[in-house]
Amino acid sequence: MAQTVLVTGASGYVAAHVVGAFLRKGYNVRGTVRSEKTAADVRETHAEFASQLSLAIVPDMSAPNAFDEAVKGVDGVIHTASPFLVNATDFENELFQPAIKGTTSILEAIQKNNSAVTRVVITSSFAAIVDPLQGTRVGHTYSEKDWNPVAGKEEGSLNPVVAYLASKTLAEQAAWKYVEEKKPNFNISTICPPMVYGPVVHRVHDPMALNTSSADIFQLISGYAKEVPQDGFHCFADARDVADAHVLAYEKPEAAGQRYLITSGQYSYQRICDIIREKFPEFQDVTPKGEPGASYVPLYDLDTSKAAQQLGMTFRPLEETIVGAVESMKKFLN
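Described below are features of the structure shown in this document.

Calculation criteria
Residues numbered from 1 in each chain as written. Predicted model: local features only at pLDDT ≥ 70, side-chain atom pairs only at ≥ 80, totals over all residues. Heavy atoms only, no water. Helix = DSSP H or I, 4+ residues; strand = E, 2+ residues; numbered from the N terminus. Buried < 20%, exposed > 50% of the residue type's maximum accessible area, 1.4 Å probe, protein only. Core = buried A, V, L, I, M, F, W, Y, C linked by side-chain atoms within 4.5 Å. Contact = heavy atoms within 4.5 Å. Salt bridge = Lys/Arg side-chain N within 4 Å of Asp/Glu carboxyl O. 1 Å grid on protein atoms, 1.4 Å probe; cavity = no way out; pocket = protein on both sides within 12 Å on 5 of 7 lines; lining within 4 Å. Points joined across faces, edges and corners; volume = space filled by probe spheres on them. Nonpolar A, V, L, I, M, F, W, Y, C, P; charged D, E, K, R; others polar. Pairing = 2+ DSSP bridges. Axes fitted to C-alpha atoms, helices over the stretch in contact; angles between N-to-C directions. Right-handed = clockwise from strand over helix to strand, strands pointing away.

1. Describing the side chain of His79
Piece 1. Along the chain, His79 turns up in strand 4 (residues 76–79).
Piece 2. Residue classification places His79 among the buried positions, given a relative accessible area of 2%.

2. Section: the nonpolar core
Piece 1. Ranked by size, the top nonpolar core spans 62 residues in total, and within it Phe22, Ile217, Ile272, Ile276 and Met329 carry the most contacts.
Piece 2. It is helix 7 (residues 239–251) that provides the largest number of residues to this core, a total of eight residues.
Piece 3. With near-sequence residues (within four places) excluded, Ile276 lies in contact with Ile217, Leu220, Ile221, Phe283, Thr287, Ile322 and Val326.
Piece 4. In terms of nonpolar packing, the next biggest core, distinct from the first, is built from 24 residues, Met61, Val74, Ile122 and Tyr178 among them.

3. Some thoughts on the environment of Ser143
Piece 1. One can find Ser143 in the loop between strand 6 (141–142) and helix 4 (153–156).
Piece 2. Ser143 gets classed as buried once you look at its relative accessible area, which sits at 11%.
Piece 3. As a C-alpha pair, Ser143 and Phe22 span 121 residues in sequence and 27 Å in three-dimensional space.
Piece 4. Contacts of Ser143, omitting those with residues within four sequence positions, involve Ile129, Leu261 and Asp303.

4. Thoughts on the pattern of salt bridges
Two side chains of opposite charge can pair, provided their charged atoms sit close to one another.
Piece 1. The final tally for this structure, using the stated rule, is 13 salt bridges.
Piece 2. Across the pair Lys25 and Glu251 runs a salt bridge whose closest N-O atoms are separated by 2.9 Å. One end of the pair, Lys25, is in the loop between helix 1 (13–24) and strand 2 (28–33); the other, Glu251, is in helix 7, and 226 residues separate them in sequence.
Piece 3. Take Glu251: its relative accessible area is 32%, and that puts it in the partly exposed class.
Piece 4. The partner of Asp241 in a salt bridge is Arg316, with the nearest N and O atoms 2.5 Å apart. With a gap of 75 residues between them, Asp241 in helix 7 and Arg316 in the loop between helix 9 (305–311) and helix 10 (318–329) connect regions that are remote in the sequence.
Piece 5. A relative accessible area of 2% places Asp241 in the buried class.
Piece 6. Shared partners join several salt bridges into a network, and the residues in it are Asp241, Arg316 and Glu320.

5. Remarks on the layout of surface pockets
Which parts of space are left empty comes out when a probe the size of a water molecule is rolled across the atoms.
Piece 1. Considered as a void within the structure, the second largest pocket measures approximately 260 Å³ in volume.
Piece 2. Lining the second largest pocket, in full, are Pro207, Met208, Leu210, Ala215, Asp216, Phe218, Gln219, Ser222 and Tyr224.
Piece 3. Within the lining of the second largest pocket, the residues separate by chemical class into six nonpolar, two polar and one charged.

6. Topic: the sheet that holds strand 5 (residues 119–123)
Piece 1. If you trace the seven strands from one edge of the open sheet to the other, you get 3-2-1-4-5-7-10, paired in parallel fashion. The outermost strands of the open sheet, each flanked by one partner alone, are strand 3 (53–57) and strand 10 (259–261). Averaged over all neighbouring strand pairs, the angle between strand axes comes to 20°, with direction disregarded.
Piece 2. Where strand 5 and strand 7 (residues 187–192) come together, five bridges link them in parallel fashion. In the strand pairing of strand 7, Arg119 is matched with Asn187.
Piece 3. Contacting strand 1 (4–8), strand 4 and strand 5, helix 3 (residues 91–113) runs over the sheet at an angle of about 175° to strand 4.
Piece 4. Strands in contact with helix 5 (residues 160–182) are strand 5, strand 7 and strand 10; relative to strand 7, the strand with the most contacts, it is inclined by about 165°.

7. Some thoughts on the pairing of strand 9 (residues 235–238)
Piece 1. Residue alternation in strand 9 divides its side chains into two sets, Cys235 and Ala237 and Phe236 and Asp238, and both sets are buried.
Piece 2. Of the strand pairs in this sheet, strand 8 (residues 195–197) and strand 9 are connected by three bridges, and their pairing is parallel. By the bridge assignment, Val196 is partnered in strand 9 with Ala237.
Piece 3. Between the parallel elements strand 8 and strand 9, the chain passes through helix 6 (residues 212–221) in a crossover that is right-handed.
Piece 4. For strand 9 and strand 11 (residues 265–266), the ladder comprises two bridges, and the chain directions are antiparallel. Each bridged residue has a counterpart across the sheet, and for Phe236 the counterpart in strand 11 is Gly265.

Encoded structure:
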């Protein structure tokens, strides 16, 4: 009999890929969503797997006992739900506490209501690895051994973006602390990707409602961006690779208690524009030209050997990621 995994935040951009990856491998998936309307969208996204998919309504994941019913009867849990907010003003209440409580509440619910769960995979972020105060940090190699040190609330209050990065760190640290102190039946694995690009597979009714990273690409094919944007982040992962990493971390015994850095490496908006202009001639008049072929800025290195060796991961190149993203968003231009 096929296993059933719970995927929290199932309507999200990355979560839609995660749900799809588990369904294609034959798992039954129970997804949590905030409303019946969102549930309908998730069912439409995965219509070909209707018999394998069920949904649970969790209106507010930070509410007490929010996941108590959802976790009952599943074999494993994939926790993808997390606030993405880079314009917060009240960092403690908008970012830090929701991120921490959202993570610990799902772990508490599992421990209290389902002793059969032995593996929980949590979507964390490269934000929990990188030191945002060190910039491009040429000469340093980031790996799973690194932790973002700006998780103290005082430093994390520098600006909304740094505070968001700190919130991801606090959430992941809270998960490891929970397992260490509470000693539940389950172990955890965390997946730490940077900026995630790739095809939009979840239901989006309006391009204005695209997730942040997809909106980044859409502005380059819609005429909204008149110039090549300034680079804010410097490395990326393909959403399909991130999804595969969740499945592999769930399945492989050696992933217990491990973090995984999932990234294809460096990118720039200039390189993205170059790819769009080359692969989609119809967008040459609207996609900014900038300085084609411009070199990347010197940057820290990224060590993904752990994911390659333990999970068997390979990573898609930027061109494949951007072509997939653009193909999925053409429909919004009609």
